[in-house]
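The residues making up each chain are set out below.
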Amino acid sequence: MHVRTLFLPLLATAALAACAPDQALTGPDRAPATPLANHVGNTCVYFNVPPLGATFGAPAGNVPGTVVWVEQGIRVSVNKFVTLTGGSAYDRLRIEPMPASFTLAAGNTGHTLNLNAGFDFTGLTFAVTSVKFHFLHLGGYENLSVNGSPVFVGQLTAPPAALAGITVASAWAPVPGGSQGTITLTGSAANPIKRLLVGGQELWLDTVCAYP
């Protein structure tokens, strides 16, 4: 199987704690970053639950693997980042406004710096067969792992064809200083997507959506 990397027009639009109830949103309602029809009946992390400027990870004293918030039933945790040499780093995840170059995002985003954000879908009421998320890369390299697979270390613009039997596809476009795009993970009822780890050195995330 080969990775299918699509180029978009420039102007186109891990140990985890027990699941807690969703916290109240702290900002106004916001539209999904992709057409509403794509999200009907599905569940997403929009990075709307923590207040703007909230920081998680080492600066907040969070132990790696800590669940730091729950949004629409998806547990979000902070985890160690794997370096090119096979070592690890652990810095921060911060809730920030959408960077100007991140045209796929809307409202708040999650900015990872030498840290992997974890998304646990096992508390949802359906088996997750597809996950999509938006990313903005402005430096360094990224990590990607699905269902506890060995961590891919490289660029989200050129991910492996599959991780733990889950197909990985990247659709992206260049922006000043980097790239932005969408990662689509495709599993099946027999091999659902249970957990996702993703992070980078200068990586912003938004609209992490789970589909049955």
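As a reminder, the structure under discussion sits directly above these lines.
Rules used throughout
- Residue numbering note: each chain is counted from 1, following its sequence as written.
- At least 70 in pLDDT is required for a residue's local features to be given in this predicted model, at least 80 for side-chain atom pairs to be given and counted, and no such filter applies to totals for whole chains, interfaces and linings, which use all residues.
- Heavy atoms throughout the structure, all of them, feed into the side-chain values; hydrogens and water do not.
- Numbering of helices and strands runs from the N terminus, with a helix taken as a DSSP run of H or I at least four residues long and a strand as a DSSP run of E at least two residues long.
- The rule is simple: take the accessible area with a 1.4 Å probe, protein chains only, and divide by the maximum for that residue type; under 20% is buried, over 50% is exposed, in between is partly exposed.
- With residues, only the protein chains shown are counted as cover, and all accessible areas are computed by Shrake-Rupley using a 1.4 Å probe.
- Between any two strands, at least two bridges found by DSSP are needed for them to pair.
- In this description, a line fitted to the C-alpha atoms serves as the axis of each element, helices being fitted only across the stretch in contact, and the angle between N-to-C directions of two axes falls anywhere from 0 to 180 degrees.
- It only takes one pair of heavy atoms within 4.5 Å for two residues to be counted as in contact.
- The pairing test for Phe, Tyr and Trp rings, Trp by its six-membered ring, is centres within 6.5 Å, and the orientation test on the planes gives stacked under 30 degrees, edge-to-face over 60, and tilted for anything in between.
- The rule for a salt bridge is simple: a side-chain nitrogen of Lys or Arg has to be within 4 Å of a carboxyl oxygen of Asp or Glu.

Asker: Help me understand the overall build of the chain, please; the structure alone is not making it clear to me.
Answerer: Counting its secondary structure elements, the chain contains 0 helices and 18 strands. Expressed as a percentage of its 212 residues, the buried residues of the chain come to 51%. With an accessible surface of roughly 9000 Å², the chain has 62% of that area assigned to carbon and sulfur atoms.

Asker: Looking at this structure, how should I read the sheet that holds strand 17 (residues 195-200)?
Answerer: The 6 strands are arranged 4-5-10-17-12-13 in an open sheet whose pairing can be described as antiparallel. Edge positions in the sheet fall to strand 4 (67-71) and strand 13 (152-154), since each of these pairs with one other strand and no more. Neighbour-to-neighbour, the strand axes of this sheet turn through a mean angle of 20 degrees, independent of strand direction.

Asker: Would you mind showing me how to read the environment of A127 here?
Answerer: Tracing the chain through its elements places A127 in the loop between strand 10 (115-120) and strand 11 (130-137). A127 has contacts with P192, Y211 and P212, leaving out every residue within four places of it along the chain.

Asker: What should I look at first to understand the packing of aromatic side chains in this one?
Answerer: Aromatic rings considered in pairs are described by the distance between their centres and by the relative angle of their planes. Applying the stated criterion to the full structure yields 4 aromatic pairs. Residues F56 and W69 carry aromatic rings whose centres are separated by 5.5 Å and whose planes lie at 40 degrees to one another, so their mutual orientation is tilted. Placement of F56 in strand 3 (residues 55-57) and of W69 in strand 4 is noted, with a sequence separation of 13 residues between them. For W69, a relative accessible area of 1% puts it in the buried group.

Asker: Quick question: what am I supposed to make of the pattern of salt bridges here?
Answerer: Evaluation of the coordinates by the stated rule reveals 3 salt bridges. Residue E96 pairs with R94 through a salt bridge whose shortest N-O separation is 2.7 Å. A relative accessible area of 29% means that R94 is categorised as partly exposed. Taken together, the shared-partner salt bridges connect R75, D120 and R195 into one network.

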